[in-house]
Amino acid sequence: MWIVRIVMIAIFLALVEVAVRTEILNPFFVPEPSSVLAGMASSVTDGDFLGMVAITLGAVLLAFAIAGIAGVLLGFVLWRIRPLGDAYEPLVAALFSSPIVLLYPIFLVIFGRNSAAIIALAALFAVLPTILFTKQALSAVNRTLLNVGRSLSMSSWNLFRHIMLPAAAPTIFTGLRIALTYVLIVVVAMEYILQIGGLGRLVAESALLFRATDLYVSVGLIVVISAAFIWLINQLERLAQR
Amino acid sequence: MATTTDAPAGRAVSGEDNLFTIEDLSVTYPSTDGASRGVTALEHINLNVGKGEFVSVVGPSGCGKSTLLSTVSGLLTGFDGRITVRGDTITGPHPNVGVVFQEESTFPWRNVLKNVEFGLEMRGLGKEERRKRALDMLSLVGLEDFVRSYPHHLSGGMKQRVAIARTLVMEPSILLLDEPFGALDEQTRIILGEELLRIQRALDQTVLLITHNIQEAILLSNRVVVLSARPGRMKAVVNIDLPAERDSTLLATDEFAVLVGKVWSVLREESLKAFAQEQKQDQTNHEETAHA
Ligand SMILES: Nc1ncnc2c1ncn2[C@@H]1O[C@H](COP(=O)(O)OP(=O)(O)O)[C@@H](O)[C@H]1O
Ligand SMILES: [Mg+2]
């Protein structure tokens, strides 16, 4: 499976490479994939680059951790305490579908023009789907599966750990994957717009200065970060279903 | 109790070998809107089941069969009357009681083997031991080739066999089964029924089986309880005086046909009532919708 994926991507990149070298694609807009890959590889040893990667990675990690932990806990509370769930679930759902990113000027005023503002905005945006999906996942657990556990006289903790959690995991982790997407979008977009921080700023700068290779290197690194997080989330999901 | 056939009095069931007893059990589900009185599912059920006995319950759909099973298994606690298991009054699930549910109940995140190991794992049994017992049970229900499969790759009947194996592997002294063969085809149903009977004899288990299949009830049981249309009352108890050593060849005998006739005559009447109830319900629903 892995081999097939890698080969498919390699074929695509090779086609682009040929297209750029034969100038079917304008090298001014599309750099050669080989030089982008070389750039990504050398960025690992380039202090400036690494610094930017670290800033973006740190912001994504922090915002996602806050949103993930707070979201799952709040979702659990909304499920556990019925009146709270009835009262707040519609509100969370309404906020979820509204463009909270546009609140960014307020966050700048509160936190200043720095990474903290970006992390707070990303976390707020991403916590909503996490709450919503966690609450719905727990409410939707099949009663019969719980009755299997209850008929075995299982303790409340074991019921939760071995039936509730694994049964709810697919939906909770769908929420977490959406949360990750939000965090990445908000962090990179804010870095881009505000011209502060890491890879998002680099994308903006490279675009402004027509440095196509740097631009694609930055985008490539963002994709790598995203893939790494998805891998992490998948591992956590497996753990929950054990 | 309107006993149209043999009363259970013929059975000498003294307190000692009663493995479980149901005394004057009535169950009313509270209404959700608080306006009406709620649904009375069962009324005045009395049943004594002795050790090693196999009792089946038949009745029209919606008469409270699953409710009966929920109360005996300790999962439903809001009822009037008393249920005892080995002399203990039931207030919650009992460790000697195993349940197979009517609805699909396999764990989708566990493969077949790990599903069957579940209860043993929760009781803290070692890996080797529980694996061995689960594999033995899986070959008994004919799933030895699907040990590593996940439930979503299995048919409804196979999933139900996994659920049965998961309960049987715990070797409960009392086994409660709610239409366990409902999703199976006729042949598999008969063969698994015979298998269940064999296991029950071997482990000297006490079984309460809920079914909508009269043949199955008669073939497997010592007694068949017929419930009335909702609210479920004991309409009749039919003693099955077939030889203890039996198999599905009995299906073709005259004796068997007589028993089927006996059960069916009661059940038919109640099913017609249940059917009329349902139509009336539909009609009121219809009128309510029309008014709204
Ligand atoms: N949790 C519940 N709340 C309210 N009514 C219920 C509930 N469960 C079952 N009932 C009602 O009780 C009656 C008996 O249900 P059930 O025991 O499932 O019947 P059966 O298994 O014989 O088909 C039905 O009318 C059903 O609608
Ligand atoms: Mg039922």
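None of these values were measured; they are calculated from a predicted model. (Residues numbered from 1 in each chain as written. Chains lettered and ligands numbered in written order. Predicted model: local features only at pLDDT ≥ 70, side-chain atom pairs only at ≥ 80, totals over all residues. Heavy atoms only, no water.)

Undergrad: In this structure, what is going on with the interface of chain A and chain B? I would like to understand it.
TA: It is common to give the size of an interface as the accessible area that goes away when the parts come together. Facing 15 residues of chain A, the contacting portion of chain B comprises 20 residues. Together chain A and chain B conceal approximately 1500 Å² of surface at their shared face, both sides included; 68% is due to carbon and sulfur atoms. Here chain A is connected to chain B by zero salt bridges. Across the chain A-chain B interface, the total number found is one residue pair in polar contact (both at pLDDT 80 or more). Every element with two or more residues in the side of chain A that touches chain B is listed here: α7 (143-151) and α8 (156-194) of chain A. The leading source of residues in the side of chain A that touches chain B is α7 of chain A, at six residues. (Contact = heavy atoms within 4.5 Å. Buried area = accessible area lost by both parts, 1.4 Å probe. Salt bridge = Lys/Arg side-chain N within 4 Å of Asp/Glu carboxyl O. Polar contact = N/O pair within 3.5 Å; in protein donor to acceptor, adjacent residues only side chain to side chain. Helix = DSSP H or I, 4+ residues; strand = E, 2+ residues; numbered from the N terminus.)

Undergrad: Explanation requested: the coordination of the magnesium ion (ligand 2) in the structure shown.
TA: For a metal with four tetrahedral donors the ideal donor-metal-donor angle is 109.5 degrees, whereas six octahedral donors ideally subtend 90 or 180 degrees. In this structure, Ser 66 of chain B (OG) and Gln 102 of chain B (OE1) serve as the protein donors to the magnesium ion (ligand 2), at separations of 2.1 to 2.3 Å. One end of the pair, Ser 66 of chain B, is in helix α1 (residues 65-72); the other, Gln 102 of chain B, is in the loop between β6 (97-100) and α2 (112-122), and 36 residues separate them in sequence. (Donors = N, O, S within 2.8 Å, 3.2 Å for Na, K, Ca; no water.)

Undergrad: I tried to follow the domain arrangement of chain A on my own but got confused; where do I start?
TA: Residues and elements named next belong to chain A. According to the domain assignment, chain A consists of domain 1 (1-30) and domain 2 (34-240). Between the C-alpha centres of domain 1 and domain 2 there is a distance of 30 Å. Listed per partner, the contact involves six residues of domain 1 and five residues of domain 2. Interface area lost by domain 1 to domain 2 is led by Glu 17, Phe 28 and Phe 29, which between them contribute 68%. Taken together, the connections running from domain 1 to domain 2 amount to zero salt bridges. (Domains from an automatic or database assignment.)

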